[in-house]
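In case you want the letters, here they are:
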Amino acid sequence: GEDVEQSLFLSVREGDSSVINCTYTDSSSTYLYWYKQEPGAGLQLLTYIFSNMDMKQDQRLTVLLNKKDKHLSLRIADTQTGDSAIYFCAEDNAGNMLTFGGGTRLMVKP
Amino acid sequence: DTGVSQDPRHKITKRGQNVTFRCDPISEHNRLYWYRQTLGQGPEFLTYFQNEAQLEKSRLLSDRFSAERPKGSFSTLEIQRTEQGDSAMYLCASSQGRAGYTFGSGTRLTVV
């Protein structure tokens, strides 16, 4: 079955860039997503990328997609303490559901 | 539109009791999804509706679970004879088509 993998933890200093990585397995996924979850809260959609794109930029966020290696990354420029949260990547499977990774906890030190 | 609403936010129940959760999706969204998230894990798909039709169910959705979306608007998720293993965050999401699933804040269930 499909399996989406992420590293568990990332720590950066305020003002640095953060890069969160994700690997996925379903080459037929059309969209790939990044969600943010703060403690006790639901999931906030940050951005998504269509599978025929290599890169998408949205303000401080840059998504890179390498379809050959099934690798997705999220870069957050000028990381702030308010960016501390858990970040999930997800792939859609035949358009009927999302399969999520286990999440990467981002800690931003002042 | 205020986004996807879920009610209640928290529910504590005794083992063996039945519970029901409600989700109100974004009004123009025709697709509605239920996910379950346990502590330290990513959300896992439970079931999906397109309008009022339940089109897919996960193996995670045992016979004790039932979901409905009677008029293609709000949805309910009922768990009968709750077990401690049902303790989790239950998340609802909606979408119009395949892009941009919007999630609610979730219902946290604790079975004691």
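Here we summarise the structure given alongside this text. Please read these numbers as outputs of a predicted model, since none were measured by experiment.

1. Here we look at the sheet that holds strand β8 (residues 75-79) of chain B
Residue and element names in this part refer to chain B. Strand order in this open sheet of four strands is β1-β3-β8-β7, and the pairing throughout is antiparallel. The open sheet has two edge strands with one neighbour each: β1 (5-7) and β7 (65-68). Adjacent strand axes in the sheet meet at a mean angle of 15 degrees when their direction is disregarded. Note that strand β3 (residues 19-24) and β8 share five bridges and pair antiparallel. The residue bridging R22 from the neighbouring strand is T76, located in β8.

2. Structural notes on the interface of chain B and chain A
Counting residues at the interface gives 21 residues for chain B, matched by 21 residues for chain A. Counting each side, the surface lost to burial between chain B and chain A is near 1,600 Å², with a carbon and sulfur contribution of 52%. At the surface where chain B touches chain A, the tally comes to zero salt bridges. Counting across the chain B and chain A interface gives three residue pairs in polar contact (both at pLDDT 80 or more). Ranked by residues supplied to the side of chain B that touches chain A, first place goes to strand β4 (residues 31-37) of chain B with four residues. Its residues placed into classes, the side of chain B that touches chain A shows 10 nonpolar, seven polar and four charged.

3. Side note on the environment of M97 of chain A
By the element assignment, M97 of chain A lies in the loop between β9 (85-92) and β10 (98-100). Considered as a pair, M97 of chain A and N52 of chain A are 45 residues apart in the sequence and their alpha carbons are 20 Å apart.

4. Quick look at the nonpolar core
Side chains of nonpolar character tend, in soluble globular proteins, to be buried together. Formed by 20 residues in total, the largest nonpolar core has its most connected members in W34, L72, L74 and Y87 of chain A. The set of elements that each furnish at least two residues to this core consists of β3 (18-23), β4 (31-37), β5 (43-50), β7 (61-66), β8 (71-76), β9 and β11 (104-109) of chain A. Among the nonpolar cores identified, the runner-up in size contains 19 residues, and I26, F49, I79 and Y90 of chain B belong to it.

5. Details of the packing of aromatic side chains
A ring pair, where both rings are aromatic, is described by two values, the distance of the centres and the angle of the planes. Summed over the entire model, instances satisfying the criterion amount to 16 aromatic pairs over all chains. Ring centres of Y33 of chain A and Y101 of chain B lie 5.5 Å apart, and the angle between their planes is 85 degrees; this geometry places the pair in the edge-to-face category. Taken together, the residues Y33 of chain A in strand β4 and Y101 of chain B in the loop between β9 (88-95) and β10 (102-103) connect one chain to another. Comparing Y33 of chain A with Y101 of chain B shows no difference in burial state: the two are buried. Considering the side-chain rings of F88 of chain A and F100 of chain A, the 6.3 Å spacing of their centres and the 85 degrees angle between planes classify their relative orientation as edge-to-face.

6. Overview of the environment of D86 of chain B
Residues and elements named next belong to chain B. Checked against the element boundaries, D86 lands in the loop between β8 and β9. Distance in space between the C-alpha atoms of D86 and G16 is 11 Å, their sequence separation being 70 residues. Residues within four places of D86 in sequence aside, it is in contact with R64, F65, I79, L109 and V111. Reaching out from D86, the side chain makes a polar contact with the backbone nitrogen of E83 at a distance of 2.8 Å.

7. Re the pairing of β5 of chain A
Residue and element names in this part refer to chain A. Of the pairings in the sheet, the one linking β4 to β5 comprises seven bridges and is antiparallel in character. Following the sheet pairing, Q37 is matched in β5 by L43. Taking the residues that link successive antiparallel strands as the turn, the β4-β5 hairpin has five residues, and the phi of G40 there is positive, at about 70 degrees.

8. Some details on the sheet that holds β3 of chain A
Residues and elements named next belong to chain A. Taken together, the five strands give an open sheet; going across it, the order is β1-β3-β8-β7-β6, and neighbouring strands pair in antiparallel fashion. Here the strands that pair on one side only, and so sit at the sheet edges, are β1 (5-6) and β6 (55-58). Examined bridge by bridge, β6 and β7 share four bridges and lie antiparallel to one another. In the sheet register, D58 faces β7, and the bridge partner there is L61.

Reading the values: the criteria
- Residues numbered from 1 in each chain as written.
- Chains lettered and ligands numbered in written order.
- Predicted model: local features only at pLDDT ≥ 70, side-chain atom pairs only at ≥ 80, totals over all residues.
- Heavy atoms only, no water.
- Pairing = 2+ DSSP bridges.
- Helix = DSSP H or I, 4+ residues; strand = E, 2+ residues; numbered from the N terminus.
- Axes fitted to C-alpha atoms, helices over the stretch in contact; angles between N-to-C directions.
- Contact = heavy atoms within 4.5 Å.
- Buried area = accessible area lost by both parts, 1.4 Å probe.
- Salt bridge = Lys/Arg side-chain N within 4 Å of Asp/Glu carboxyl O.
- Polar contact = N/O pair within 3.5 Å; in protein donor to acceptor, adjacent residues only side chain to side chain.
- Nonpolar A, V, L, I, M, F, W, Y, C, P; charged D, E, K, R; others polar.
- Core = buried A, V, L, I, M, F, W, Y, C linked by side-chain atoms within 4.5 Å.
- Buried < 20%, exposed > 50% of the residue type's maximum accessible area, 1.4 Å probe, protein only.
- Phe/Tyr/Trp six-rings, centres within 6.5 Å; stacked < 30°, edge-to-face > 60°.

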